[in-house]
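Read off the chains here:
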Amino acid sequence: MSRVKAFKEFSWWLQDNMCLINMLYNLPLFRVHFVDFVVALAMKQPAPFFVSYAHHDSSDAERFLTTLEPLLRTSSEFAFSRWMDHQLLPGDYYLAEINQAIEHSRFGLILVSPALLASGFILRNELPALLGKGMVVPVELQRIVFDGSMDLKGLESRQVFRDSRRRSFDACRTIPDRRAFALDLFSKIVALLRRNPC
């Protein structure tokens, strides 16, 4: 990755997380280590990712990301930053912003559910661009079937992540099961990024 591209990706991550950095900067201990934090973060490979999900599944998607993201922040190799459509502001050219976010992402995290597979907008605008990328991570957010009765819109040829007991995220009812689901996925994402360097 060129230095210019790495700097742009890092700048994008900083912009996405500026509120958190400002809040933490007010803590004395954080202020002392802020420079170390920025230097360490700059040494990690940027790993921006685009989250594709159906709005109907917003609560499940948030529950999933709340479980996964602390693990992503522990990565010693990658500086993960997510882009979701709730970052759009009034007046933004939403389709251009979505396309730019997909283009700048290292991978797409597709939260697969019946609602996602039925979303005309996702099927027309997000899924083709994401499937065209070198790396996508489809995750079974809600139960889907692979017996041919559901049109998986191009995902049938991709490995969809489920836990070791072949459950979707929403089928993991206990907090320890959800954490185990997220930890296993985190390991797989890191392995994919190592295998597919930018």
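The following paragraphs examine the structure supplied in this document. Values in this document were obtained by computation on a predicted structure and should not be read as measured data.

A word on the overall build of the protein chain
Thought 1: Helix and strand counts for the protein chain come out as eight helices and four strands.
Thought 2: Beginning at the N terminus, the succession of helices and strands in the protein chain can be written as α-α-α-β-α-β-α-β-α-α-β-α.
Thought 3: Going through the 198 residues of the protein chain one by one, you find that 43% of them count as buried.
Thought 4: Contacts in the protein chain between residues far apart in sequence, at least 24 positions, make up 75% of those at least 6 positions apart.
Thought 5: When the accessible surface of the protein chain is summed, it comes to about 11,200 Å², and 57% of that surface belongs to carbon and sulfur atoms.

Looking at the pairing of strand β4 (residues 136-140)
Each regular strand displays side chains that alternate between the two surfaces of the sheet.
Thought 1: Burial analysis of β4 places five of its five residues in the buried class, the great majority of the element.
Thought 2: Side chains V136, P138 and E140 of β4 all project onto a buried face; the interleaved residues V137 and V139 project onto the opposite face, where all are buried too.

A few points about the nonpolar core
Thought 1: The biggest cluster of nonpolar side chains holds 30 residues, and the ones touching the most others in it are F64, F80, F107, L109, L111 and V139.
Thought 2: Looking at this core, the elements that each hand over two or more residues are β1 (45-52), α4 (58-73), β2 (78-83), β3 (107-112), β4 and α8 (175-195).
Thought 3: Looking at this core, the element that brings in the most residues is α8, giving seven residues.
Thought 4: Those residues within four positions of F64 in sequence are excluded, and the remaining contacts are L109, L111, V139, L141, F169, F181 and L185.

A short note on the sheet that holds β3
Thought 1: What the four strands build is an open sheet, ordered β2-β1-β3-β4; its pairing is parallel. If you trace the sheet from one side to the other, it starts and ends with β2 and β4, each paired once. Put simply, the sheet's adjacent strands are angled 25° from each other on average, direction ignored.
Thought 2: Across four bridges, the pairing between β1 and β3 is parallel. Residue S52 lies in a different strand from β3, and its bridge partner there is I110.
Thought 3: Contacts between helix α7 (residues 120-131) and the sheet are confined to β1, β3 and β4, with β1 contributing the most and set at about 150° to the helix.

What about the packing of α4 against α8?
Thought 1: The N-to-C vectors of α4 and α8 enclose an angle of 50°; their axes lie 9 Å apart at closest approach. Taken as axis vectors, α4 and α8 run oblique relative to one another. In this structure, the crossing between α4 and α8 has a hand that is right-handed. Counted together, R63, F64, T67, L68, L71 and L72 of α4 and R178, R179, F181, A182, L183, L185 and F186 of α8 form the full contact between these two elements.

Focus on the packing of aromatic side chains
Thought 1: Counted according to the given criterion, the structure contains nine aromatic pairs.
Thought 2: Both rings, one in F78 and one in F80, keep their centres 6.0 Å apart while their planes meet at 55°; by these two values the pair is tilted.
Thought 3: On the accessibility criterion, F78 (1% relative accessible area) is buried.
Thought 4: Classification of F80 as buried rests on a relative accessible area of 9%.
Thought 5: Ring geometry for F80 against F107: centres 6.4 Å apart, planes inclined by 80°, an arrangement best described as edge-to-face. One end of the pair, F80, is in strand β2; the other, F107, is in strand β3, with 27 residues separating them in the sequence. Each member of the pair, F80 as well as F107, carries the same accessibility label: buried.
Thought 6: Ring-pair connections join several aromatic residues into one group, and the members of that group are F49, F78, F80 and F107.

The rules we used
Residues numbered from 1 in each chain as written. Predicted model: local features only at pLDDT ≥ 70, side-chain atom pairs only at ≥ 80, totals over all residues. Heavy atoms only, no water. Helix = DSSP H or I, 4+ residues; strand = E, 2+ residues; numbered from the N terminus. Buried < 20%, exposed > 50% of the residue type's maximum accessible area, 1.4 Å probe, protein only. Contact = heavy atoms within 4.5 Å. Areas by Shrake-Rupley, 256 points an atom, 1.4 Å probe, with all protein chains shown as cover. Core = buried A, V, L, I, M, F, W, Y, C linked by side-chain atoms within 4.5 Å. Pairing = 2+ DSSP bridges. Axes fitted to C-alpha atoms, helices over the stretch in contact; angles between N-to-C directions. Parallel < 35°, antiparallel > 145°, perpendicular 65-115°, else oblique. Left-handed = near helix turned anticlockwise from the far one by under 90°. Phe/Tyr/Trp six-rings, centres within 6.5 Å; stacked < 30°, edge-to-face > 60°.

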